[in-house]
Protein chains: 2
Amino acid sequence: MTDMLPPGSTIGILGGGQLGRMLSVAAARLGYRTHVYEPAANPPAADVAHAVTTAPYEDAAALTAFARSVDVITYEFENVPTSALDLLESLRPIRPNRRALATSQDRILEKDFLASLGLTTAPYAAVTSATDLDTALARIGAPAILKTTRLGYDGKGQARIRAATDAPEALAAMQGAPSVLEGFVDFAFEVSVIAARGLSGEVAAYDPGENVHMDGILHTTTVPARLTPAQRTDAVLLAARILNALDYVGVMGVELFVTPAALVVNEIAPRVHNSGHWTQNGCAVDQFEQHIRAIAGWPLGDGSRHADVEMLNLIGDDIAQVPALARRKDTAIHLYGKAEARPGRKMGHVNRILRRG
Amino acid sequence: MTDMLPPGSTIGILGGGQLGRMLSVAAARLGYRTHVYEPAANPPAADVAHAVTTAPYEDAAALTAFARSVDVITYEFENVPTSALDLLESLRPIRPNRRALATSQDRILEKDFLASLGLTTAPYAAVTSATDLDTALARIGAPAILKTTRLGYDGKGQARIRAATDAPEALAAMQGAPSVLEGFVDFAFEVSVIAARGLSGEVAAYDPGENVHMDGILHTTTVPARLTPAQRTDAVLLAARILNALDYVGVMGVELFVTPAALVVNEIAPRVHNSGHWTQNGCAVDQFEQHIRAIAGWPLGDGSRHADVEMLNLIGDDIAQVPALARRKDTAIHLYGKAEARPGRKMGHVNRILRRG
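Keep in mind that this is a model prediction, so the values were computed, not measured.

K.L.:
How should the environment of histidine 306 of chain B be read in this particular structure?
P.N.:
Looking at the element boundaries, histidine 306 of chain B is found in the loop between helix H10 (287-295) and strand S16 (307-315). When the C-alpha positions of histidine 306 of chain B and leucine 23 of chain B are compared, they lie 22 Å apart, and in sequence the two are 283 residues distant. Other than its neighbours up to four places away in sequence, histidine 306 of chain B contacts Arg356 of chain A together with Asn281, Gly282, Cys283, Ala284, Arg356 and Gly357 of chain B.

K.L.:
What's the story with the packing of helix H1 (residues 18-29) of chain A against helix H10 (residues 287-295) of chain A in this structure? I'm lost.
P.N.:
Helices that pack against each other are described as a pair by the angle of their axes relative to one another and the distance between those axes. Residue and element names in this part refer to chain A. Across the interface, H1 lies against H10 with an axial gap of 8 Å and an inter-helix angle of 65 degrees. In the crossing of H1 with H10, the sense of the turn from one axis to the other is right-handed. Here Leu19, Met22, Leu23, Ala26, Ala27 and Arg29 of H1 come into contact with H10, specifically with Phe288, Glu289, His291 and Ile292. Taken together, the residues of the contact of H1 with H10 sort by class into seven nonpolar, one polar and two charged.

K.L.:
Honestly, unusual backbone geometry in this entry has me stumped. Any pointers?
P.N.:
Keep in mind that most residues, glycine aside, have a negative phi and that most peptide bonds are trans. The amide bond that connects arginine 95 of chain A to the next residue, proline 96 of chain A, takes the cis arrangement and shows omega of -5 degrees. Among the structural elements, proline 96 of chain A can be located in the loop between helix H3 (82-89) and helix H4 (98-105). Located in the positive-phi region is aspartate 247 of chain A, a residue other than glycine, with phi close to 50 degrees. Looking at the element boundaries, aspartate 247 of chain A is found in the loop between helix H8 (229-245) and strand S14 (250-258). Backbone geometry places aspartate 215 of chain B, a non-glycine residue, at a positive phi of 55 degrees. Along the polypeptide, aspartate 215 of chain B turns up in the loop between strand S12 (209-214) and strand S13 (217-223). A relative accessible area of 75% places aspartate 215 of chain B in the exposed class.

K.L.:
How should I be thinking about the interface of chain B and chain A in this particular structure?
P.N.:
Many authors give the size of an interface as the accessible area that is lost as the parts come together. In this complex, chain B contributes 34 residues to the contact, which on the side of chain A involves 34 residues. Taken over both partners, the interface formed by chain B and chain A buries close to 3300 Å², and the fraction arising from carbon and sulfur atoms is 55%. In this structure, the connection of chain B to chain A is made through two salt bridges. Arginine 33 of chain A is the partner of aspartate 47 of chain B in a salt bridge, and the nearest nitrogen-oxygen pair spans 3.2 Å. Run the count over chain B and chain A and you get 12 residue pairs in polar contact (both at pLDDT 80 or more). Breaking the side of chain B that touches chain A down by element, the ones donating at least two residues are helix H1 (18-29), helix H11 (322-325) and strand S17 (331-335) of chain B. The dominant element in the side of chain B that touches chain A, judged by the number of residues it contributes, is H1 of chain B, at four residues. For the side of chain B that touches chain A, the class distribution of residues is 18 nonpolar, seven polar and nine charged.

K.L.:
Sorry, what's going on with the pattern of salt bridges here?
P.N.:
Side chains that differ in sign of charge can pair as their charged atoms come close. What the rule picks out here adds up to 39 salt bridges over all chains. Salt-bridge contacts for arginine 328 of chain A lead to aspartate 330 of chain A; the nearest nitrogen and oxygen are separated by 3.1 Å. By relative accessible area, aspartate 330 of chain A is classed as partly exposed at 24%. Two residues, aspartate 86 of chain B and arginine 98 of chain B, come together in a salt bridge whose shortest N-O distance is 3.0 Å. A residue pair is termed long-range when its members are at least 10 positions apart, and aspartate 86 of chain B in helix H3 (residues 82-89) and arginine 98 of chain B in helix H4 (residues 98-105) qualify at 12 residues. The structure contains a network of salt bridges with shared partners spanning Asp207, Arg232, Arg305, Asp308 and Arg355 of chain A.

K.L.:
What is the right way to look at the relation of the copies chain B and chain A in this model?
P.N.:
The pair of chain copies shares a relation made of a rotation about an axis and a shift along it. Each copy of the sequence occupies a distinct position, and chain B is placed on chain A by a rotation of 180 degrees and an axial shift of 0.0 Å, giving an RMSD of 0.1 Å. Expressed as a symmetry operation, the mapping of one chain copy onto the other fits a two-fold axis. Closest approach to the rotation axis within chain B is made by the C-alpha atom of valine 48 of chain B, at a distance of 1.9 Å.

K.L.:
What exactly am I supposed to notice about the sheet that holds strand S7 (residues 144-148) of chain B here?
P.N.:
Picture the strands of a sheet paired through backbone hydrogen bonds; they go either parallel or antiparallel. All names here are of chain B. Strand order across the open sheet formed by four strands is S6-S9-S7-S8, with antiparallel pairing between neighbours. The open sheet terminates on both sides in strands that have one partner only, identified here as strand S6 (124-127) and strand S8 (158-161). Going from strand to strand, the sheet's axes swing by 25 degrees on average, the running direction of each strand aside. For S7 and S8, the ladder comprises four bridges, and the chain directions are antiparallel. When the sheet's bridge partners are listed, isoleucine 145 is paired in S8 with arginine 160.

K.L.:
Help me out: how do you make sense of the pairing of strand S1 (residues 10-14) of chain B in this one?
P.N.:
Regular strands place their side chains on alternate faces of the sheet. All names here are of chain B. The buried fraction of S1 amounts to five of the five residues, a majority that puts the element mostly inside the structure. Neither face of S1 is open: one carries Thr10, Gly12 and Leu14, the other Ile11 and Ile13, and all of them are buried. By the bridge criterion, five bridges tie S1 to strand S2 (residues 33-38) in an arrangement that is parallel. Pairing of isoleucine 13 across the sheet is with valine 36, part of S2. In this region the chain leaves S1, passes through H1 and returns to the parallel neighbour S2; the handedness of that crossover is right-handed.

Thresholds, definitions, all that
- Residues numbered from 1 in each chain as written.
- Chains lettered and ligands numbered in written order.
- Predicted model: local features only at pLDDT ≥ 70, side-chain atom pairs only at ≥ 80, totals over all residues.
- Heavy atoms only, no water.
- Helix = DSSP H or I, 4+ residues; strand = E, 2+ residues; numbered from the N terminus.
- Contact = heavy atoms within 4.5 Å.
- Axes fitted to C-alpha atoms, helices over the stretch in contact; angles between N-to-C directions.
- Left-handed = near helix turned anticlockwise from the far one by under 90°.
- Nonpolar A, V, L, I, M, F, W, Y, C, P; charged D, E, K, R; others polar.
- Buried < 20%, exposed > 50% of the residue type's maximum accessible area, 1.4 Å probe, protein only.
- Buried area = accessible area lost by both parts, 1.4 Å probe.
- Salt bridge = Lys/Arg side-chain N within 4 Å of Asp/Glu carboxyl O.
- Polar contact = N/O pair within 3.5 Å; in protein donor to acceptor, adjacent residues only side chain to side chain.
- Least-squares fit on C-alpha atoms with pLDDT ≥ 70 in both.
- Pairing = 2+ DSSP bridges.
- Right-handed = clockwise from strand over helix to strand, strands pointing away.

Spelled out as structure tokens, the structure:
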């Protein structure tokens, strides 16, 4: 309890997108101020932050001033350059820690880490050349997916290989970046476990949600997922194992492929996660407050689910549906304040209550 | 529907306290920016507002710049000077409207208005002199309360008269301000109706909450209140009548004394209200979002109650209870980010879920 960040303290947030926006609101609700660091101008989080720094991650002076103005640093975006993190960490604690970031920033490190815990992942192999790719395809087989090892997000930097003849084009799409070939997992569906670990080591997890993607972007998350009780337990314990192994503090999203034989870990995100937005209207304490509680040294909050919920992302022109959605009594609306509705851009989401109690 | 304020619009909020803070968060959730106007430095709402103007209500240049930067103006504080409102209204719409403000700013106007609707109030009489007070006391009797007609808030500007001999001291406490003598109402308990009226005229009301005050400041609000079904219906219809009569747009708090014979209107507040904070954890759409929906021309949201809730204000040193409260799974915490815990200062509130379903 003595580790609780005093009221009025400032939480630094790296990244000013919608996740930073919703983290900032949760921080305010618990009596904290936020300072958002974001290279792009007018980020969504700026509307609800106490302070905003607009500067690139290479600006040492801006990073230093930012760090000195805050009490603890967290992030909504995991691809912050190492040099920036080194500087920030020399001045203030970063939560979740650097190891979690480094692990999730590199698909090969991540899969090696998961394998070291005895968890199942898709078969994978590092690829830096056409020869590597041929060898990997021979072992793993097609169909498969070639991905850059770093900076993957919402289907970017990925190429499908339906047959060996697709290999040259897929490799070209990586533009020379170190890559990983991932074997195809014949899964029934995907679920996410949104789990949290506090500063004292306590772990809590939300009920897993079932994800549907469209065009490589999350479309809906529905709770409850179609899991057996045993699968649900396994999913939650598996997530707890990952958090404990990383000495993690904060909320993490763990994406799992569900197959008849096993739960296959697709990827981990060391931050609040789009597939956890349903918690805003399904739980007493949502993932954003849970993250702030964890990094501010609070006891974790009540994440038990009191409603069945379907979260639907509003992408690009979907924003035009808002007037109709606003009339629905079962639907909670969450918009991100983005001015321009570009194709593929996440403009907001809605949580539809399917059943209460 | 065509009246909906476009996403990305800016809502101006007069007053930067905790009500403005929670309104600002609700506005952001619906995709709007807020600009807060507040004479005092570092107001609670500044932590979550897009822009803040720190200037007195007498600063015409600041008021003009503020109004020009926003699309619609609302308020969390009803005692804004008339001259400021005149200037603002010449530039942008003010919602709720000036009539609601003027009515609630003056206890005599307010009671005359309520009486004109056939509603029951405490017996009252205007007092500007010792002679007035004697005449009023002779008619209304003691015990009674003398209040300034304007600027009353949380028990300030009030003096109890237990017997006629208290009259001179009570009158002196008014410091020459026009006052009103209100007769004592022998009520069982007090309830609040938090009601909303949209731009299209639709009205919605939350389930009435039962209020307990300590030292003239709201201590707890509990829902459901101990009302009979008939009283509950009467309370809600009475509130709707007030909103319709004022052509009101936004959320209003209506305080009622419950007596065996009647529901007696204590006062109306043309804004979100402390006794409506329970809606944050008891309803799909809370009073803050409902207010933003109303003034932004949205359809009103679902205000039906899905939990029994007790709201407890954290006043002054109560803030020290937060570490213990943070461990309670049934308790949602809402802090206002105020640096200094002065006696009588509202530092935050908690909503305890008594029962779900």
